[in-house]
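Breakdown of the fold
Listed here are the chains, written in short residue letters.
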Amino acid sequence: MPAITVDDILVLPRVPGPDVTNTERRVTSVTTAPSAFEGEGFPVRRAFAGVDLARLDPFIHMDQMGEVDYGPGEPKGTPWHPHRGFETVTYIIDGTFKHQDSNGGGGLITNGDTQWMTAGAGLLHIEAPPEELVVSGGLFHGVQLWVNLPSRLKMTPPRYQDIRAGQVALLSSADGGALLRVIAGSFGGHDGPGVTHTPIALVHATVSAGAQVRLPWPADFNALGYVLSGQGFVGTERRPVKMGQLAVFGAGDAITLAASGSGLRQDMDILLLGGQPIREPVAAYGPFVMNTRAELAQAFEDYQAGRLGSIPAVPAEPHPGHDVL
């Protein structure tokens, strides 16, 4: 898993551990993501399947894309499609993806990069492997997260953020047992590079084999942990989790994670996410996330009338300084 890392975790700034006055978040559920196919047929795991939307708020949907080792000619993406009313966050752990949208955003994202697209009032976009990767094949692994927008921002102008792997805040847990990559939000007094409309935290943690770490977590955020690889335990009650499973935590301001210390002694990679719940009605269908059915109908009408933009005549150029795999 070649997302950005360091040779010596002990040189990184450390996140102070919670003290005895902090309240541990208990695990309320562990669910297994079912497999499906997206876009032109690339494999995904539906990370939030079976979880009540109120427990996910402000998040709507998340796919783990891959991990898959494509043969030559096999890599796939999505065709042009519309979005309105939310943000898409695409984090590439392994491989390369090309993005282009009708608002002028786009480029290549690769190992450890993130594209943060605020659809807002609406746009069209496409995500696909670059032609060179289609020809060669190769490993592909990533995550796409949908972050809801409150009603007052549903029609905000579209925005695109190109977050390079080197911009991510790299931290260590207090005891050096976990590498923490902060993509968005503030964690241990360190800010991630992602600029968010909805207050959230997004952290990719690698917990060393056999290690247990206790981390602070904002009391006014919900707390979710999705296992990207490996296996271990969550909560002080040590609920077992493995790759492809989502843990939902209850109220509190501290979370506990541990990687299994037996067998292959594999590290556990887990995506930690949480945010301030919006607590508004959600009307979601296909590529649109609004507050009412009438707003959904308007979104489809606007799309069909061409009001969400048009497909650019010229493909997006690769981001400078990044070679295609």
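Residues numbered from 1 in each chain as written. Predicted model: local features only at pLDDT ≥ 70, side-chain atom pairs only at ≥ 80, totals over all residues. Heavy atoms only, no water.

**Quick notes on the sheet that holds strand 21 (residues 231-234)**
Inclusion rule: The pairing criterion is simple: DSSP has to find at least two bridges between the two strands. In DSSP terms, a helix is any run of H or I states spanning at least four residues, a strand is any run of E spanning at least two, and both are numbered starting from the N terminus. Orientation is described by axes fitted as lines to C-alpha atoms, over the contacting stretch for helices, and by angles from 0 to 180 degrees between their N-to-C directions.
Pairing within the open sheet is antiparallel, and its 4 strands lie in the order 19-24-21-22. Either end of the sheet is taken by a strand with one partner, and the two such strands are strand 19 (212-216) and strand 22 (239-242). Adjacent strand axes in the sheet meet at a mean angle of 30°, parallel and antiparallel pairs treated alike. Two strands pair when backbone bridges link them, and strand 21 and strand 24 (residues 254-259) are joined in this way by 3 bridges, in the antiparallel orientation.

**Things to note about the confidence of the model for the protein**
Just so we agree on the cut-off: Confidence of the prediction at every residue is given by pLDDT, a number between 0 and 100. Whether two residues are in contact is decided by their heavy atoms, any of which lying within 4.5 Å being enough.
Within the protein, residue pLDDT values average 91, and 94% of them lie at 70 or more. Contacts for the low-pLDDT stretch residues 316-325, under 50 throughout, to residues beyond four places or in other chains number 23 contacts.

**So, the environment of Leu108**
Here Leu108 shows up in strand 9 (residues 106-110). As a C-alpha pair, Leu108 and Ala128 span 20 residues in sequence and 9.6 Å in three-dimensional space.

**Details of the pattern of salt bridges**
Cut-off, in case you're wondering: The term salt bridge refers to a side-chain nitrogen of Lys or Arg lying within 4 Å of a carboxyl oxygen of Asp or Glu. Exposed residues in this analysis have more than 50% of their type's maximum accessible area, buried residues have under 20%, and partly exposed residues fall in between, with area computed by a 1.4 Å probe over protein chains only.
Summed over the entire model, instances satisfying the criterion amount to 8 salt bridges. Note that Arg214 and Glu24 form a salt bridge whose closest N and O atoms lie 2.8 Å from each other. Remark: Glu24 occurs in the loop between strand 1 (14-15) and strand 2 (27-32) and Arg214 occurs in strand 19; sequence separation between them is 190 residues. As a salt-bridge pair, Asp162 and Arg164 come within 2.3 Å of each other at their nearest N and O atoms. According to the relative accessible area criterion, Asp162 is partly exposed, its value standing at 25%. Through salt bridges with shared partners, a single ionic network connects Glu38, Arg46 and Asp63.

**Re the pairing of strand 24**
In terms of burial, strand 24 is a largely internal element, 6 of the 6 residues being buried. Alternating positions in strand 24 separate into two faces, Ala254, Thr256 and Ala258 on one and Ile255, Leu257 and Ala259 on the other, with burial throughout. Where strand 19 and strand 24 come together, 5 bridges link them in antiparallel fashion. Within strand 24, the residue paired with Pro216 across the bridge is Ala254.

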